[in-house]
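Take a look at the letters that make up each chain.
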Amino acid sequence: MNILVTGGTGYVGSHTTIELLNKNYNVIIVDNLSNSNEKVIERIKEITNRHVKFYAIDLLNEEDLNQVFINHKIDAVMHFAGYKAVGESVKLPLKYYTNNLVSTLNLCKVMERFNVYKLIFSSSATVYGKPASFPIKEDFPTNATNPYGRSKLMIEGILSDLSNSNKNWKIVSLRYFNPVGAHESGKIGEDPNGIPNNLMPFLTQVAIGKLPELKVFGNDYPTKDGTGVRDYIHVVDLAKGHIKALEKIDALDNYEVFNLGTGRGYSVLEVIEAFQKATGMQVKYKFVDRRPGDIPVSYADATKALKILNWKANKDIFDMCIDSWNWQQNNPNGYN
Ligand code: UD1
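This report concerns the structure included in the present document. (Residues numbered from 1 in each chain as written. Predicted model: local features only at pLDDT ≥ 70, side-chain atom pairs only at ≥ 80, totals over all residues. Heavy atoms only, no water.)

1. Structural notes on the site of the ligand
Let me state the cut-off plainly: Only heavy atoms are used to decide nearness, and a residue is near a molecule or strand if one of them lies within 4 Å of it. As used in this structure description, the phrase polar contact means that two N or O atoms lie within 3.5 Å; if the pair is within protein, one of them must be able to donate a hydrogen and the other to accept it, and residues adjacent in sequence are counted only when both atoms belong to side chains. Surface exposure here means Shrake-Rupley accessible area, sampled with a 1.4 Å probe, where a residue is shielded only by the protein chains that are shown. Labels follow the DSSP assignment, with helices taken as runs of H or I lasting at least four residues and strands as runs of E lasting at least two, numbered in each case from the N terminus.
Taken together, 19 residues surround the ligand, and among them L199, K215, R230, R291 and D294 come closest. N198 is positioned with one of its side-chain polar atoms (N or O) 2.9 Å from an oxygen atom of the ligand. D294 places a side-chain nitrogen or oxygen 2.6 Å from an oxygen atom of the ligand. Protein chains bury 87% of the 740 Å² of accessible surface belonging to the ligand in isolation. Contributing elements (two or more residues each) for the shell around the ligand: α7 (199–207) and β8 (214–217).

Structure, rendered in structure tokens:
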């Protein structure tokens, strides 16, 4: 089977490509490299000993995408391409809406033109906004709190409408909790531009001495130690969730949504502690004010994915820390 992976040189896309190749799928990657590095393609080949076809194209250009579907008989699509920085999306909403929505619309149009109807979409737990209770189930109300989140929610709505319009469609939205970690080879991982926004890359950059100290955003949340609680999930577990969804897609309804998380929440202080224990490194940190827009707690009820996809996360917080650290040590400057 030929799987088109959009955003395949990005963090989650590259790890999912490896799992696809390991399962003998052929992978065709399209990526405009706006937030990733072409070296990822070489690394993927090193890890898997498999060939990957790569097109450096932008999904905003429908013609270019059309040509990919002419060149390859695509069986299914995994759609990761999109902007994802919350803060930037607040400053540049038009950039976010244009890129995330138009690229998805172009993709779906071209898929329909070529009678390709299987689509797995990279969504986010951010679509739950500030949930009223925990763990978060798929049928909880959705509510975006920033343009990035709203773009994910809008796309989910578009995909749901599409699935109603033509019963050939088989679409799955996977709502990720907090992906961290890296491939165990240490050859691919998360490579944020500039100063990281997210906890784990920030933490590993402090540990390696690139940043002076970690700022813990708030210690007065109504949680066990006052710091924010999240459901961190190893990116390789997350990648495997996509394979399960693909394997089961024919048996699913036309449109399905699944949480991908571990079902367990860790506070920021617990993550720091786990990291120190797992790596033997000391991490300097201080408490600062809450980050605007952060919610106190978020963790998944992941039982739907277990029941229907037969998927669950296997790696624990120590694996996540060890693999993040291994990637950071082997690639102190990311892919550069
Ligand atoms: C963030 C995004 C979310 C996105 C996800 C992608 C926000 C508000 N949310 O989630 O929409 O889908 O990334 O991975 O940006 N923390 C610190 N110090 C830091 C960084 C983070 O204390 O330097 C804390 C945060 O307050 C939070 C936890 O660590 O409690 C996790 O933060 P982060 O990794 O940024 O993820 P989210 O905010 O959950």
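2. With respect to the sheet that holds strand β14 (residues 297–298)
Which entries qualify depends on this criterion: Strand pairing follows a simple DSSP-based rule, namely that at least 2 bridges must link the two strands.
Pairing within the open sheet is mixed, and its three strands lie in the order β12-β9-β14. This sheet does not close on itself; its edge strands, each paired only once, are β12 (266–267) and β14. Sheet topology places strand β9 (residues 229–230) next to β14; two bridges connect them, and they run parallel. For V229, the partnering residue across the bridge sits in β14 and is V297.

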